[in-house]
There are 2 protein chains.
Amino acid sequence: MIIDFSRAVSLLHDNDNFIILTHANPDGDTLGAGFALLCALRKLGKKARLVNNDPIPEKYRFLVSEGDDFEDGFVLSVDVADAVLLGNDVQSRYGAEVSLAIDHHSTNRLFAKESYVEGESASVCEVVYLLIKALGVEIDSSIATRLYTGCSTDTGCFRYTNVTPRTHRIAAELIEHGARHGEVNVRMFETKKPGFLKLQGLCISSLEMYFAGRVCVITITQKMLRDCGCGEEDCDAIVALSRQIEGVRAGITFKEKKDGTYKVSVRTHESLDAAQFCSAFGGGGHARAAGCQFDCMLDEAKRRVIHEMEKYF
Amino acid sequence: MIIDFSRAVSLLHDNDNFIILTHANPDGDTLGAGFALLCALRKLGKKARLVNNDPIPEKYRFLVSEGDDFEDGFVLSVDVADAVLLGNDVQSRYGAEVSLAIDHHSTNRLFAKESYVEGESASVCEVVYLLIKALGVEIDSSIATRLYTGCSTDTGCFRYTNVTPRTHRIAAELIEHGARHGEVNVRMFETKKPGFLKLQGLCISSLEMYFAGRVCVITITQKMLRDCGCGEEDCDAIVALSRQIEGVRAGITFKEKKDGTYKVSVRTHESLDAAQFCSAFGGGGHARAAGCQFDCMLDEAKRRVIHEMEKYF
């Protein structure tokens, strides 16, 4: 059932022993909102703890705040559009008993008993900020920093078109409440490992352009990762880079796996369907981001990919 | 002479035939503020044109707005901390007759007859926004987009610690006035020339680390710029990169100018004052971003900079 803002505030006000669920592979928004809500509810004298399916990535550990021990409680989720996104373990334990979902995905499947969804909100932290304010909690620096982190990370630090005037106004208020915005942004956006920069340099050196610069191919080998002290987690930013090159409509990254086969990631701009392209090789994904696999040699894989790309140009 | 806000408004209100000067090697803030002010003054029925020393970089051409033809006029500067920063030609023509400087550098040398300086403002576009509002000009999408560009580029898209609650509130108002924020941010932050990526690769290869990784030095030569098909406008992102390396407290970029001398840009994290550091070499700027010049050979300049840096570590 879809509920309105005041009903969501009442549910938070009238209950206790909150079990706050985040989505699997947690990001800055789900963790920022979850831990900010946890702190706020505890400031109201309530008990709360956060439950998530996966380890919290190192870069988000500063968001963690200790919770309480208790048995059963009022289960709520933040930033979770579908019970399946809770992750296997959390879904099987709590998926069927979520009393309140607080979300900003207009695609929310309404898996909870009651759902408060603001589809136009850039981050769920914006929504949680307004709920905490309505609960009458005094927003301290620690709550503000957590909420700011979600506002910032879910908008690429206010870059994306999901940003609204409200996003900026809430950011202003959070900074006034003591959000350590500079520190958060340095941590989230401005810290690059020297090894990653070296990897990026190697990838750029190996850049191949096709179709008058409209397609670029980047290759990442296991040797490059070893030489730079990098891992799989560093490859995402390289894949994202492939599409940022001026004039490029499709960025294709060949990433060697440990067994010597290649994973291919395709990133495109409007009008070129990455999922459709990858389906030619048994892969899939989204319209702007998709992938496929190759067991053959790198040269042969590249030849086949470029040959397939000819159909689009 | 330092003047207050209302005097600055009066000067804009009471004069006509405005010659608006930007700083040399113009960036998004000086051009955004200059052209927004030009549009606003023309909406008041006044004549105005913009004068700058250098060609306007391709990425900022969308900020350009046509000006008027007239002989002498009221000369004002935006975002110019010192007459020398106007560039040789503009300085020799107008340097001694600037009637009003509108600036956000607390180090402003007060070279103009009257100076309105908001040292705490993240961008000069924030200041110009408030001036335009006070002049009673209706802010349209075209003015808002220009002002947003300065607010966004001078803060690394709201990432840096120079951002204040006011910065966000003004961004909110500019979006409400029709600023095309998503388009500006893709253009400014999400589009990379292949040549720029090559330059970045070369710069990373030439990276020097000092003081146990707390200081990094990047060198950009004219040959590197030529080899990569890059220009001055591509150097800003390299300068920003210098501070993004994990563990780095101060990033120092040596950029060779066309005459073979070096411009040094310093970017720091909290606790290390870049303006103070650069003042040792006759330079200046902001606490986290400052610069200075060297006429000597590169090796000598580096030796002197590193020697000065010893005082901080």
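Everything below is about the structure shown above.
Residues numbered from 1 in each chain as written. Chains lettered and ligands numbered in written order. Predicted model: local features only at pLDDT ≥ 70, side-chain atom pairs only at ≥ 80, totals over all residues. Heavy atoms only, no water.

Colleague: Give me the overall build of chain A: which residues, what numbers.
Modeller: Of regular secondary structure, chain A possesses 12 helices and 11 strands. Relative to its length of 313 residues, chain A is compact, with a C-alpha radius of gyration of 22 Å against a globular reference of 20 Å. Its C-alpha atoms put chain A at 65 × 40 × 35 Å along the principal axes. Sorting the 313 residues of chain A into buried and exposed places 57% on the buried side. By element, 48% of the accessible surface of chain A is carried by carbon and sulfur atoms, the whole surface being about 13,200 Å². Distance between charge centroids for chain A: 4 Å, based on 36 positive and 44 negative side chains. (Helix = DSSP H or I, 4+ residues; strand = E, 2+ residues; numbered from the N terminus. Rg over C-alpha atoms; globule rule 2.2 N^0.38 Å. Buried < 20%, exposed > 50% of the residue type's maximum accessible area, 1.4 Å probe, protein only. Areas by Shrake-Rupley, 256 points an atom, 1.4 Å probe, with all protein chains shown as cover. Lys, Arg positive; Asp, Glu negative; His and termini not counted. Charge placed at Lys NZ, Arg CZ, Asp CG, Glu CD.)

Colleague: Explain the pattern of salt bridges to me, and be specific about the residues and the numbers.
Modeller: Note on pairing: side chains with opposite charge can pair once their charged atoms come close. Applying the stated criterion across every chain yields a total of 38 salt bridges over all chains. We note a salt bridge from A:Lys193 to A:Asp234, for which the minimum N-O separation is 3.2 Å. Residue A:Lys193 is located in the loop between helix 7 (181-189) and helix 8 (194-205), and its partner A:Asp234 is located in the loop between helix 9 (222-228) and helix 10 (235-244); the two are separated by 41 residues in the primary sequence. The exposure class of A:Lys193 is partly exposed, given its relative accessible area of 29%. Ionic pairing is found between B:Glu183 and B:Arg187, a salt bridge with its closest N-O pair at 3.6 Å. With B:Glu183 and B:Arg187 both in helix 7 (residues 181-189), this residue pair falls 4 residues apart, about one helical turn. Since its relative accessible area comes to 38%, B:Glu183 is described here as partly exposed. Given the relative accessible area of 35%, B:Arg187 is considered partly exposed. (Salt bridge = Lys/Arg side-chain N within 4 Å of Asp/Glu carboxyl O.)

Colleague: Go over the interface of chain A and chain B, please, and point to the residues and values.
Modeller: Between chain A and chain B, the contact holds 35 residues from the first and 35 residues from the second. The tally of links from chain A across to chain B stands at 4 salt bridges. Taking the shortest distance from any N to any O, the salt bridge between B:Glu190 and A:Arg159 comes out at 2.6 Å. Tallying contributions element by element places helix 6 (residues 165-176) of chain A first for the side of chain A that touches chain B, with 8 residues. Of the residues in the side of chain A that touches chain B, the class split is 17 nonpolar, 9 polar and 9 charged. (Contact = heavy atoms within 4.5 Å. Nonpolar A, V, L, I, M, F, W, Y, C, P; charged D, E, K, R; others polar.)

Colleague: Give a detailed account of unusual backbone geometry, specifying residues and quantitative values.
Modeller: Backbone geometry places A:Asn17, a non-glycine residue, at a positive phi of 55°. Along the chain, the position of A:Asn17 falls in the loop between helix 1 (5-14) and strand 1 (18-21). The backbone of B:Phe158 sits at a positive phi, close to 65°, despite the residue not being glycine. By relative accessible area, which is 0% here, B:Phe158 ends up buried.

Colleague: An account of helix 6 (residues 165-176) of chain B is needed here, citing residue identities and associated values.
Modeller: Along an α-helix, residues three or four apart share an orientation, since each turn contains 3.6 residues. Spanning 12 residues, helix 6 of chain B covers 17 Å between terminal C-alpha atoms, matching the ideal 16 Å at 1.5 Å per step. Taken as a whole, helix 6 of chain B has its buried residues at B:Pro165, B:Thr167, B:His168, B:Ile170, B:Ala171, B:Ala172, B:Leu174 and B:Ile175. Of the surrounding secondary structure, the elements contacted by the buried residues of helix 6 of chain B are helix 6 of chain A together with helix 4 (124-134), helix 5 (141-153) and helix 7 of chain B. (Expected span 1.5 Å × (residues − 1).)

Colleague: Which residues make up the packing of aromatic side chains, and what values do they have?
Modeller: Residues and elements named next belong to chain B. Taken as a whole, this structure holds 15 aromatic pairs over all chains when the rule is applied. With centroids separated by 5.9 Å and ring planes inclined at 70°, the aromatic side chains of Phe5 and Tyr116 adopt a geometry described as edge-to-face. Of this pair, Phe5 sits in helix 1 (residues 5-14) while Tyr116 sits in strand 5 (residues 114-117), and the two are 111 residues apart along the sequence. Look at Tyr116 and you get buried, because its relative accessible area is 9%. Aromatic side chains Phe277 and Tyr312 sit 5.7 Å apart centroid to centroid with 65° between the ring planes, which places their arrangement in the edge-to-face category. Placement of Phe277 in helix 11 (residues 274-279) and of Tyr312 in the segment after helix 12 (298-309) is noted, with a sequence separation of 35 residues between them. By relative accessible area, Tyr312 is classed as partly exposed at 25%. If you follow Arg93 out to its NZ or CZ, it ends over the ring of Tyr94, 4.3 Å from the centre. (Phe/Tyr/Trp six-rings, centres within 6.5 Å; stacked < 30°, edge-to-face > 60°. Lys NZ or Arg CZ within 6 Å of the ring centre and 35° of its normal.)

Colleague: Please set out the sheet that holds strand 7 (residues 215-220) of chain A residue by residue, giving values where relevant.
Modeller: Backbone-to-backbone hydrogen bonds join strands into a sheet, with any given pair of strands oriented parallel or antiparallel. All names here are of chain A. If you walk across this open sheet you meet the 6 strands as 6-7-8-9-11-10, and the pairing is mixed. For this open sheet the edge positions go to strand 6 (208-210) and strand 10 (284-285), each flanked by a neighbour on one side alone. Set on the sheet, helix 12 (residues 298-309) makes contact with strand 6, strand 7, strand 8 (250-256), strand 9 (262-268) and strand 11 (289-294); between it and strand 8 the angle comes to about 160°. (Pairing = 2+ DSSP bridges. Axes fitted to C-alpha atoms, helices over the stretch in contact; angles between N-to-C directions.)

Colleague: Break down the side chain of B:Ser121 for me, citing the residues and quoting the values.
Modeller: All names here are of chain B. Checked against the element boundaries, Ser121 lands in the loop between strand 5 and helix 4. Its relative accessible area of 4% is what places Ser121 among the buried residues. A distance of 3.0 Å separates a polar atom in the side chain of Ser121 from a polar atom in the side chain of Arg166. Apart from the residues within four sequence positions on either side, Ser121 is in contact with His104, Glu126, Val127 and Arg166. (Polar contact = N/O pair within 3.5 Å; in protein donor to acceptor, adjacent residues only side chain to side chain.)

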